[in-house]
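Next come the chains, spelled out residue by residue.
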Amino acid sequence: MPLIVSYEEAAQLVRGEAERVLARSLQKEFVPLLRAPGRVLAEPILADRDQPPFPRSTRDGFACRANELERGPLRIAGLLRAGQPWTGGSLGVGEAVEIMTGAAVPPGADCVAMVEHVAVAVAVGQVRLNGQQRPAAGENIVPTGAEAKRGDSIIPAGRRLGPAEIAAVAACGAATVPVFLRPRIAIVSTGDELVDVAQSPLTHQIRNSNSYSLGAQVAAAGGEPELLPIVRDDAAETEAVIRQAVTFDLILLTGGVSMGRFDFVEPALLTAGAEFLFTGVRMQPGKPVVFGRIGEKPFFGLPGNPISAMVTCALFVSPVLRALGGERETEPRFRMARLEEGIAVKAGLTRFLPARLQSDVHGTRVRRISWQGSGDLTAAARANSFLVVPESRDKLDEGEIVAILEL
Ligand code: AMP
Ligand code: MG
């Protein structure tokens, strides 16, 4: 029986599956720090000492007491470079220490006067304010432990590691990082008309592009794609490939999910014992998309049209895939942008139209790009995002703030 749902309902079913997956315990491995970007942290990273571990000077200048410097010149008692310990004890009355950014501020000093704000009398070894600005107590010093205390969780488990997280991991001394294993994803393209990219297609044939676009999306969402050979529009062949694909963490089929006489994917899934969560979504592109499980294995049957496959993968597959990789934030990412030109459509389907997004500090603008429908993969290549038209709307106005799906 067909289970046709709205986009919102489909997203909710996918969210539920992502939560189920995240409730399981996942396997982990240790990788060197340089291999960790893009991976998902399997254990929290704890501060191995206070951050900063010493009161850190954030400027080149003179460490001193703010109220003393305000009153007159101070005697320069020494020079402190970053990485050099201060052995001179507490700062004496009327003293300043020349200090570099990143050095530990000596005890007794309560500020660092920036080098730009002082005048140095080298002959008499004195420093005084040059009248530009006077420092306040605490200025240009980050106190010990102000950023994090030893033992604090710096990055929670389940977070995808980007450059900022990698910096924090490195600062905590983790040369190898515990990460979740990447889920292995079986990608199967179906269709009698398909040939592989390396082959020369005859006039009536087309190259299999979906396996590669899906492979790219799977990798971007943290999965390890495995492309299985193209499957013909044949019931037995489709059933056989599904038996092979259930050994993977997630099964991704494309093509053969429509109402055509040679669309065998849904019946083959049923034969394999599939439980369907939906068999269609009121959206365009992507209407025939199917989602379910065979035992505990999630599967998706994506439409064959390249843009449909791309959009449904971003909306529905990626969240489940991220969850399989242990990532806590699984939702697809939407941005808001100002529509540059009005759009008219037929209401009743949530639409995801290829669009070009442009951003600067003043805002984000979006413009729909022309296309020949969901099979037009050159349009997808000209687009950098998809503009969302909610199911209830038959037009969007120029200047309106609209939601954008970024791939
Ligand atoms: P289907 O969903 O099987 O009815 O296919 C819909 C359209 O997508 C047809 O025009 C197919 O030729 C095309 N298509 C199906 N699979 C692929 C694929 N793997 N790569 C590129 N186009 C495909
Ligand atoms: Mg087909």
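Here the structure is a predicted model, which is why all the values come from computation and not from measurement.

A. Looking closely at the side chain of Thr238. Here Thr238 lies in helix α5 (residues 235-245). Only 2.6 Å separates the side chain of Thr238 from the backbone oxygen of Asp234, close enough to count as a polar contact. Residues contacting Thr238, with those up to four places away along its chain left out, are Val231, Arg232, Phe264, Val265 and Ala268.

B. Spatial organisation of the environment of Gly191. Turning to its location among the elements, Gly191 is positioned in the loop between β14 (184-189) and β15 (194-195). Under the relative-accessibility criterion, Gly191 is labelled buried at 2%. Separated by 57 residues in the primary sequence, Gly191 and Arg134 have C-alpha atoms spaced 75 Å apart. Leaving out residues up to four positions away in the same chain, Gly191 has contacts with Ile230, Val231, Arg232 and Asp233.

C. The arrangement of the side chain of Asp233 in detail. Tracing the chain through its elements places Asp233 in the loop between β17 (224-227) and α5. Of the buried charged residues, Asp233 lacks a salt bridge, with Arg232 as the closest side chain of opposite charge at 7.1 Å. Excluding anything up to four places from it in sequence, Asp233 contacts Thr190, Gly191, Asp192, Glu193, Phe262 and Phe264.

D. Representation of the nonpolar core within the structure. Counting residues in each nonpolar core, the largest one holds 55 residues, and the members touching the most others are Leu252, Phe316 and Leu387. In terms of residue count, the dominant contributor to this core is helix α7 (residues 306-324) (12 residues). Every residue in contact with Leu252, bar those within four places of it in the chain, is listed here: Ile185, Ala186, Ile187, Val188, Leu214, Val218, Phe300, Leu302 and Val317. Grouped together as the second largest cluster of nonpolar side chains are 19 residues, Val188, Ile242, Leu269 and Ala274 included.

E. Region of the structure containing the packing of aromatic side chains. Scanning all chains against the criterion turns up 6 aromatic pairs. Arranged with centres 5.6 Å apart and planes meeting at 65°, the rings of Phe278 and Phe316 form a pair that is edge-to-face. Of this pair, Phe278 sits in strand β19 (residues 275-278) while Phe316 sits in helix α7, placing them 38 residues apart in sequence. An aromatic cluster of at least three residues, connected via ring pairs, comprises Tyr7, Phe278, Phe291, Phe300, Phe316 and Phe352.

F. Up close: the pairing of strand β6 (residues 74-80). Here β6 pairs with strand β10 (residues 126-129) via 2 bridges, running antiparallel. Residue pairing for β10: Leu74 is matched across the bridge by Val127. Strand direction decides the pairing type here: β6 and strand β7 (residues 95-99), joined by 5 bridges, are parallel. The residue bridging Leu80 from the neighbouring strand is Ile99, located in β7.

G. Seen up close, a negative patch on the surface. A surface patch of negative charge is lined by Asp192, Glu193, Asp234 and Glu237. Mapped onto the elements, Glu237 comes out in helix α5.

H. View of the sheet that holds strand β9 (residues 118-121). The strand order β8-β5-β7-β6-β10-β9 describes an open sheet built from 6 strands, whose pairing is mixed. Lying at the two open borders of the sheet, with one neighbouring strand each, are β8 (111-114) and β9. Across this sheet, the average inter-strand angle for adjacent strands is 40°, counted without regard to direction. Bridge count for β9 against β10 is 4 bridges, and the pairing is antiparallel. Looking across to β10, one finds that Val118 is bridged to Leu129.

I. Representation of the layout of surface pockets. Taken as a whole, the largest pocket holds about 370 Å³ of empty space. Lining the largest pocket we find 19 residues, and of these Arg160, Ala220, Ala221, Arg322 and Arg333 sit closest to its centre. Those elements giving two or more residues to the lining of the largest pocket turn out to be α4 (210-220), α7 and β30 (401-406). If one sorts the elements of the lining of the largest pocket by residue count, α7 sits on top with 3 residues. Taken together, the residues that form the lining of the largest pocket break down as 8 nonpolar, 3 polar and 8 charged.

What counts, and where the lines are drawn
- Residues numbered from 1 in each chain as written.
- Chains lettered and ligands numbered in written order.
- Predicted model: local features only at pLDDT ≥ 70, side-chain atom pairs only at ≥ 80, totals over all residues.
- Heavy atoms only, no water.
- Helix = DSSP H or I, 4+ residues; strand = E, 2+ residues; numbered from the N terminus.
- Polar contact = N/O pair within 3.5 Å; in protein donor to acceptor, adjacent residues only side chain to side chain.
- Contact = heavy atoms within 4.5 Å.
- Buried < 20%, exposed > 50% of the residue type's maximum accessible area, 1.4 Å probe, protein only.
- Lys, Arg positive; Asp, Glu negative; His and termini not counted.
- Salt bridge = Lys/Arg side-chain N within 4 Å of Asp/Glu carboxyl O.
- Core = buried A, V, L, I, M, F, W, Y, C linked by side-chain atoms within 4.5 Å.
- Phe/Tyr/Trp six-rings, centres within 6.5 Å; stacked < 30°, edge-to-face > 60°.
- Pairing = 2+ DSSP bridges.
- Patch = residues over 30% accessible without salt bridge, like charges linked within 9 Å, V, L, I, M, F, W, Y side chains within 5 Å.
- Areas by Shrake-Rupley, 256 points an atom, 1.4 Å probe, with all protein chains shown as cover.
- Charge placed at Lys NZ, Arg CZ, Asp CG, Glu CD.
- Axes fitted to C-alpha atoms, helices over the stretch in contact; angles between N-to-C directions.
- 1 Å grid on protein atoms, 1.4 Å probe; cavity = no way out; pocket = protein on both sides within 12 Å on 5 of 7 lines; lining within 4 Å.
- Points joined across faces, edges and corners; volume = space filled by probe spheres on them.
- Nonpolar A, V, L, I, M, F, W, Y, C, P; charged D, E, K, R; others polar.

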